[in-house]
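Spelled out, the chains give:
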Number of protein chains: 2
Amino acid sequence: MLSKNRIKYINSLKIKKYRQLHEAFLVEGAKSVLELLDSDFETEFVLVTQEFQQKYSSILTRHNSDVETVTIQELEGLGSFQTNDSCLAVAKTKENVFLSPAPTEYMLVLDDVRDPGNLGTIIRVADWYGITKIICSRDTTDFYNPKVIAAAKGSFTRVSIYYTDLAEYFEKIKDLDQKVMGAFLGGDSLYDFAFPANGGIIVMGNESNGIGNQVEAFVTDKIMIPRFGAAESLNVGIATAVMLDNMRRQVPV
Amino acid sequence: MLSKNRIKYINSLKIKKYRQLHEAFLVEGAKSVLELLDSDFETEFVLVTQEFQQKYSSILTRHNSDVETVTIQELEGLGSFQTNDSCLAVAKTKENVFLSPAPTEYMLVLDDVRDPGNLGTIIRVADWYGITKIICSRDTTDFYNPKVIAAAKGSFTRVSIYYTDLAEYFEKIKDLDQKVMGAFLGGDSLYDFAFPANGGIIVMGNESNGIGNQVEAFVTDKIMIPRFGAAESLNVGIATAVMLDNMRRQVPV
């Protein structure tokens, strides 16, 4: 039986304030928990159904995890998602550590991306295209939000995030002299753009307002995804994928 | 004051069975309702806040709509979404009419796309890339689901959908002799693929299982989006955008 304290603790981690206080976050669902166990994140404990425990006993033992067996009903009562039906883990958050691009590396910068589903999708897309560092403005949604972790589908274990003041950040890395490419409605066509072979920074903006003025000042190249129909805009997760796809066709990892 | 009958009617339209019975669906939020009024959909009635009515009175008058003014509280109680705070419309659904590709046209085919958010995103992406016809397997989620309409962001007014048995459909259009390109993990690289200048059909599959065997039999070209990192897969909305973006770079509208 799950203790009341544990239930209370898990529920508290759905709220950012308590994630920061406890330096911990929730990971839900079999695929994400298995990727968590194989990552460099520190796991506090794992709640699993008997079925899950039997199926993955070797993995759970290998990682020497604190494992508690619970019923499906208990799990469903705890999780953020209806489909969370076989396991849930609590892991330690990582410190917010300064990240900068290595020579020839491509990095993503997010200016005020608010929707957790979008951030999770961007993390998954970054992982697909071999991007491992994302710099976020302070008002970008919290990486450790359960909806972000769920949408990232395990990719949260392979992509590092650094929250900072973006203007200060760009000042700090100015000497690296890398191109800063921003997605703008009305920029130059993505299809005509030559992505630098020595890496660079791709900036994506807020869902409604795009890239803010403060960050725009650091953008060296404004790029627009060509439009052929009548939709007013693309979702920021979609736009990120199209930008990275065009970049990787020219500059493979 | 909203009548009890109207409240009951609106709530019933959140369920597919009643949308089919009444041949009607919900459109929520200012942007989507304004695009609805400018489209060839027939609108039954519009509920608006006083503020919305004042701001858009000329549009509402021009369309001769049945407009009822309601409070924000009444609207919030009705809608599917918390952000639905200025208007809601009920419109007539369209008949499920056979669609086929015109010469040189590109069309999308969806095999069992289940998530309403994904279908809405695909509709928006199709609209961006100038695709106006989508053929869906019968088990693909309902176009008129409020979550689809919301995610499509107005593009639902410009993209036509036809639900059908896909195997029968491909048999019917066989004489058009168009290429059928399917997104497969393990297909040929998208970057090396030459999209036919005379149009074709791009097939996207189910979120978990991809394209089914029955439909796979009609695919002439299996294409894979190149991967540079470790993510296992891409979301189907993202994959659709990347496919269409690569296609349009070669074959603009």
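Residues numbered from 1 in each chain as written. Chains lettered and ligands numbered in written order. Predicted model: local features only at pLDDT ≥ 70, side-chain atom pairs only at ≥ 80, totals over all residues.

As for the overall build of chain A
Looking only at helices and strands, chain A has eleven helices and ten strands in total. Its C-alpha radius of gyration of 20 Å places chain A within 12% of the 18 Å reference for a compact globule of 253 residues. Judged by the C-alpha coordinates and their principal axes, chain A covers about 60 × 40 × 30 Å. For chain A, the proportion of its 253 residues judged to be buried stands at 44%. Nonlocal contacts in chain A, meaning residues at least 24 apart in sequence, comprise 76% of its contacts between residues at least 6 apart. (Helix = DSSP H or I, 4+ residues; strand = E, 2+ residues; numbered from the N terminus. Rg over C-alpha atoms; globule rule 2.2 N^0.38 Å. Buried ≥ 20, exposed ≤ 12 C-beta atoms within 10 Å, placed from the backbone. Contact = placed C-beta atoms within 7 Å.)

Examining the relation of the copies chain A and chain B
Mapping chain A onto chain B calls for a screw motion: a turn of 180° about the axis and a shift of 0.0 Å along it, with 0.0 Å RMSD after fitting. Within this description, the copies of the chain are treated as partners about a two-fold rotation axis. Most of the interface of chain A is mirrored in chain B, where 100% of its interface residues again form contacts. (Least-squares fit on C-alpha atoms with pLDDT ≥ 70 in both.)

A closer look at the interface of chain A and chain B
Tallying the contact residues gives 27 residues for chain A and 27 residues for chain B. A total of seven residues in the side of chain A that touches chain B trace back to one element, the largest contributor, which is helix H11 (residues 236–250) of chain A. Residue composition of the side of chain A that touches chain B, by class: 14 nonpolar, six polar and seven charged. (Nonpolar A, V, L, I, M, F, W, Y, C, P; charged D, E, K, R; others polar.)

What to know about the domain arrangement of chain A
Residues and elements named next belong to chain A. Once the domains are mapped, chain A shows domain 1 (4–92) and domain 2 (106–250). One C-alpha centre belongs to domain 1, the other to domain 2, and the line joining them spans 30 Å. Facing the 16 residues of domain 1 at the interface are nine residues of domain 2. Elements with a contribution of two residues or more to the side of domain 1 that touches domain 2: helix H2 (16–22), strand E1 (24–28) and helix H3 (30–37). Class assignment of the residues belonging to the side of domain 1 that touches domain 2 gives a composition of six nonpolar, four polar and six charged. (Domains from an automatic or database assignment.)

Here's the deal with the sheet that holds strand E9 (residues 200–204) of chain A
All names here are of chain A. Here we have six strands laid out as an open sheet, ordered E7-E6-E5-E9-E8-E10, and parallel in their pairing. With partners counted over all chains shown, the strands left at the sheet margins are strand E7 (160–164) and strand E10 (221–224), one partner each. Going from strand to strand, the sheet's axes swing by 35° on average, the running direction of each strand aside. Across five bridges, strand E8 (residues 180–189) lies against E10 in parallel orientation. (Pairing = 2+ DSSP bridges. Axes fitted to C-alpha atoms, helices over the stretch in contact; angles between N-to-C directions.)

A look at the pairing of strand E4 (residues 87–92) of chain B
Residues and elements named next belong to chain B. Burial analysis of E4 places five of its six residues in the buried class, which makes it a mostly covered element. The pairing of strand E1 (residues 24–28) with E4 spans five bridges and is antiparallel. Among the inter-strand pairings, Ala24 is bridged to a residue of E4, identified as Lys92. Of the pairings in the sheet, the one linking strand E2 (residues 43–48) to E4 comprises five bridges and is antiparallel in character. Paired with Thr43 across the strands is Ala91, a residue of E4.

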